[in-house]
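# Survey of secondary and tertiary structure
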Amino acid sequence: MDFQPTEDQKDLRAGVRDLLAGRYGREALRASVDTGAGVDRALWRELGEAGFFALRLPEAEGGVGLGLPEAVLVFEEAGRALVPGPLVATHLAAGVVPGAAAGTAVVSAFDLDGPLVAHLADADAVLGASGVPAGEPVRSVDPLTPLHRVAVAVGDVSPYREAGALLTAALQVGSALRTVELAVRYAGEREQFGQPIGAFQAVKHLCAQMLVRAEVARTAVYAAAVTGDPGEVAAAKLLADGAAVRGARDCLQVHGGMGFTWEADVHLHLKRAWVRAEQWRTAAQAEELLAQELLGSAG
Amino acid sequence: MDLTYTEEEQEFRARLRVWLAKVLPELPAAPSPDDWPGRRAYDLGWQRRLYEAGYAGLHWPLDAGGRGATPTQHLIFLEETERAGAPYVGANFVGLLHAGPTIAAEGTAEQRARWLPPVLRGDEVWCQGFSEPDAGSDLASLRTRAVRDGDDYVITGSKIWTSHAEVADWCELLVRTDPSAPKHRGISWLAMPMDAPGVTVRPLRTLAGSAEFAEMFLDEVRVPVADRVGAENDGWRVTMVTLSFERGTAFVGEVVACRRTLGELARTAKANGRWDDPVLRRRLGRLYGEFGALWRLTQWNVSEAERSAGGVPGIGGSVFKLAYSHARQELYDTAAEVLGASSLSLEEGWVLDRLSSLSYTIAAGTSQIQQNIVAERILGLPKGR
């Protein structure tokens, strides 16, 4: 047993981190918030060229031929950088929807319960559906995740549910780890009462708990990627949602008044984490699934 | 990232299973928790069987009489013994997991030959004389004095929270040998025989009602200078070398046990109708997910330790302990919800476990100290004034 990333996996993660740092750093993130632009098609194609969407497609079909463990490492990085757009749905559509693998098509999915769907206006296709339905725009809590209300949900996502939940969990873990970094950096810089606020135990303990939740969730995501077990995937989604949402809230708290401003990035992490927590598998659904599995295991 | 076990590891597991299936039915009945002499005999009997089968000191180095097993083999050993319902390490805890490894790492050849084989054979029990009434989380502020007198140290002071003190043969004792040095520097590590004149042990009852640990009073106890492990005034470093010796495996058996308990709870809830409460059912589901993740985190830490080949393990254990100790307490609070008023009866085994789970956020560094460790040493936040 060697439950640690291989050198190739570490290299892959580092490569994606570098790509995103150069191509979608903080200035790009804030620019897309300011312009309210939808999916950046040029970035989408670059992600496609880097193999982001075709990662798990077999080489014979023009893909990279890697598996879920590699995919979660890559999605963790996208979550850290807060890359907007239907990353998971487009990845799942690779090899199914023309252009998805290369990043020339933007594919959305009806992965939320109820009548809302994300990134509908930018979508060239909907996962598992034959067309793109019309929808009324609604004001989205996340400035980088536009939402539309539709009359009828189209596209059956059930075949994609496990992978969708796992990759979304990986995005959440990346965001959770990023908010730990943001909190620690701010706590080390911001001085009150003549010392950095990070010297106060109350602040330290917030940061430590953020890391504990993120690390437990990260291990759950990696393990689920290795085993593909539906119960482990549900646990990974549940823990990653909690780590991302609570991590962003604690990060906001560490930032004090600054955390409540539009200028700080914290709210972007929190709002995206809220969106992702509703996608593919909610906490209630994950807990029910785990409860049934527990009862089965108790035999 | 690979969660499959090698062929060698699988063979090790298979052999262990066969042995456990043979030996466990031969064990005598377990003594009551308050019967310390009975517990000592029982735990040493189990240790003797492990020794005879070649499983004693599995994770100890070969030159210390151990088996030099990899962290993964140790993980498998702890997982399988818990799963099979084998006895807990019990009274041998300090000898096998702390004092022994400390002597193995820092002792002289004579010291290793004197103290290590009896631990492995199940002949001698050790206890840990570290904490004092005014030196708990702030261990380095300990005040028990050892003054040189010829070839002896003369020791005066007191220790507290000393598990197994009533039945121990030896105590790994931290004493202050230089009161004028900075507090981490003037400490030495001694092996003290528990039957030495001047040693008085007074059992302390825990909130669970049992005498789980003791106070120890030391009144001019004489210990030969030759029984000091490591250099004089170097005891803090000697202690730190082994405090994190367990390489991610400290809670393996307990995580396995918690997952089994959750299964029993689900069955109980199904039988008594509480399963129909969606709030409780979901809470059980979430705990199941959490303990599954904690098991994976254990495997992660063990794999990390294995890659660090021989090095002192990292401090990722603090992350695990923080998550685990709180999850364990929530597990037993949830058990009480499943049981309802029955959770007020001490005849329910879970009730004693619920009470004992309260120690997990205190023992071996409180959650608050662990959070400081995570914040300062992992995250790099500044130390407070």
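See above for the structure.
Description of the structure in this document. Everything numeric here is computed off the predicted structure, so don't read it as measured data.

### So, the overall build of chain A
A tally of helices and strands in chain A yields 11 helices and 7 strands. Taken over C-alpha atoms, the radius of gyration comes to 19 Å for chain A, in line with the 19 Å a tight globule of 299 residues would show. Across the 299 residues of chain A, 58% fall into the buried class. The contacts of chain A with a sequence gap of at least 6 include a subset with a gap of at least 24, amounting to 69%. Total accessible area computed for chain A in this model is approximately 11,600 Å², and 54% of it derives from carbon and sulfur atoms. Of the side-chain charges in chain A, 26 are positive and 37 negative, and the distance between the mean point of each set is 7 Å.

### Comments concerning unusual backbone geometry
Residues other than glycine seldom take positive phi values, yet A:Trp280 does so here, at roughly 70 degrees. The backbone of B:Asn233 sits at a positive phi, close to 70 degrees, despite the residue not being glycine. A residue is classified by how much of its surface remains accessible, and B:Asn233, at 25% relative accessible area, is partly exposed.

### A word on helix α3 (residues 41-49) of chain A
All names here are of chain A. Of all the positions in α3, only Leu43, Trp44, Leu47 and Gly48 are classed as buried. Looking straight down α3, one finds its buried side chains confined to an arc of 145 degrees; they lie on one side. Looking at the buried residues of α3, the elements they touch are α1 (7-23) and α5 (87-93). With a side-chain oxygen lying 3.0 Å from the backbone nitrogen of Ala42, the N-terminal cap of α3 falls on Asp40. Directly beyond the C-terminal end of α3, a positive phi value near 90 degrees is found at Gly51.

### Let's talk about the packing of aromatic side chains
In this description, an aromatic ring pair is defined by two values, namely the gap between the centres and the angle between the planes. Within this structure, the stated rule accounts for 20 aromatic pairs over all chains. Both rings, one in A:Tyr222 and one in B:Trp300, keep their centres 5.6 Å apart while their planes meet at 50 degrees; by these two values the pair is tilted. With A:Tyr222 in helix α7 (residues 201-227) and B:Trp300 in helix α8 (residues 278-307), this pair bridges two chains. As far as the burial class goes, A:Tyr222 and B:Trp300 line up, both buried. Seen from their ring centres, B:Trp126 and B:Trp189 are 6.5 Å apart, and the 35 degrees between their planes marks the pair as tilted. In this pair, B:Trp126 sits in strand β1 (residues 126-129) while B:Trp189 sits in strand β5 (residues 187-193), placing the two residues 63 residues apart along the sequence. For B:Trp126, a relative accessible area of 1% corresponds to the buried category. A residue is classified by how much of its surface remains accessible, and B:Trp189, at 0% relative accessible area, is buried.

### Some words on the environment of B:Ile373
Examined against the element boundaries, B:Ile373 turns out to sit in helix α11 (residues 367-378). The spacing of B:Ile373 and B:Leu173 is 200 residues in sequence and 24 Å in space, taken between C-alpha atoms.

### Concerning the sheet that holds strand β5 (residues 147-149) of chain A
Residues and elements named next belong to chain A. The strand order β2-β5-β4 describes an open sheet built from 3 strands, whose pairing is antiparallel. Only two strands of the sheet have a single neighbouring strand rather than two, namely β2 (116-118) and β4 (136-138). Strand-to-strand twist of the sheet, defined as the mean angle between neighbouring strand axes without regard to direction, takes the value 40 degrees. Alignment of β4 against β5, held across 3 bridges, turns out to be antiparallel. Within β5, the residue paired with Val138 across the bridge is Leu147.

### Focus on the nonpolar core
Core analysis: the largest hydrophobic core is formed by 152 residues, its most contacted members being A:Val83, A:Leu87, A:Val221, A:Trp280, B:Trp46, B:Phe291 and B:Tyr324. With 16 residues, the single largest contributor to this core is helix α6 (residues 161-189) of chain A. The contacts of B:Trp46, once residues within four sequence positions are left out, are B:Trp19, B:Leu20, B:Val23, B:Leu24, B:Leu27, B:Ala86 and B:Pro87. Ranked by size, the runner-up nonpolar core spans 27 residues in total, among them B:Val119, B:Trp126, B:Trp170 and B:Ala191.

### Considerations on the interface of chain B and chain A
Contacts between chain B and chain A engage 50 residues on the former and 53 residues on the latter. Across the chain B/chain A interface, buried area totals approximately 4,500 Å², and carbon plus sulfur atoms make up 66% of it. If you look at where chain B meets chain A, you find 6 salt bridges. For the salt bridge of A:Glu287 with B:Arg286, the shortest nitrogen-to-oxygen distance reads 3.6 Å. At the junction of chain B with chain A, the criterion picks out 19 residue pairs in polar contact (both at pLDDT 80 or more). Contributions of two or more residues to the side of chain B that touches chain A are made by α3 (71-83), α7 (252-272), α8, α9 (316-339) and α11 of chain B. Here the element with the most residues in the side of chain B that touches chain A is α8(B); it accounts for 19 residues. Grouping the constituent residues of the side of chain B that touches chain A by class yields 23 nonpolar, 12 polar and 15 charged.

### A few points about the pairing of strand β4 (residues 170-176) of chain B
Residue and element names in this part refer to chain B. Counting buried positions over the 7 residues of β4 gives 7, a clear majority of the element. Burial along β4 is two-sided: Trp170, Glu172, Leu174 and Arg176 facing one way and Cys171, Leu173 and Val175 facing the other are all buried. Looking at chain direction, β1 and β4 are connected through 4 bridges and run parallel. From the neighbouring strand, Trp126 faces β4, where its bridge partner is Trp170. Direction of pairing for β4 relative to β5: antiparallel, over a ladder of 7 bridges. Looking at the pairing, Arg176 lines up with Ile187 of β5.

### Observations concerning the side chain of B:Ser318
All names here are of chain B. Here Ser318 lies in helix α9. You can call Ser318 buried: its relative accessible area is 8%. Reaching out from Ser318, the side chain makes a polar contact with the side chain of Gln370 at a distance of 2.7 Å. Aside from chain neighbours lying at most four places away, what touches Ser318 is Gln370, Ile373 and Val374.

Quick notes on the rules
- Residues numbered from 1 in each chain as written.
- Chains lettered and ligands numbered in written order.
- Predicted model: local features only at pLDDT ≥ 70, side-chain atom pairs only at ≥ 80, totals over all residues.
- Heavy atoms only, no water.
- Helix = DSSP H or I, 4+ residues; strand = E, 2+ residues; numbered from the N terminus.
- Rg over C-alpha atoms; globule rule 2.2 N^0.38 Å.
- Buried < 20%, exposed > 50% of the residue type's maximum accessible area, 1.4 Å probe, protein only.
- Contact = heavy atoms within 4.5 Å.
- Areas by Shrake-Rupley, 256 points an atom, 1.4 Å probe, with all protein chains shown as cover.
- Lys, Arg positive; Asp, Glu negative; His and termini not counted.
- Charge placed at Lys NZ, Arg CZ, Asp CG, Glu CD.
- Arc of directions from axis to C-beta.
- Polar contact = N/O pair within 3.5 Å; in protein donor to acceptor, adjacent residues only side chain to side chain.
- Phe/Tyr/Trp six-rings, centres within 6.5 Å; stacked < 30°, edge-to-face > 60°.
- Pairing = 2+ DSSP bridges.
- Axes fitted to C-alpha atoms, helices over the stretch in contact; angles between N-to-C directions.
- Core = buried A, V, L, I, M, F, W, Y, C linked by side-chain atoms within 4.5 Å.
- Buried area = accessible area lost by both parts, 1.4 Å probe.
- Salt bridge = Lys/Arg side-chain N within 4 Å of Asp/Glu carboxyl O.
- Nonpolar A, V, L, I, M, F, W, Y, C, P; charged D, E, K, R; others polar.

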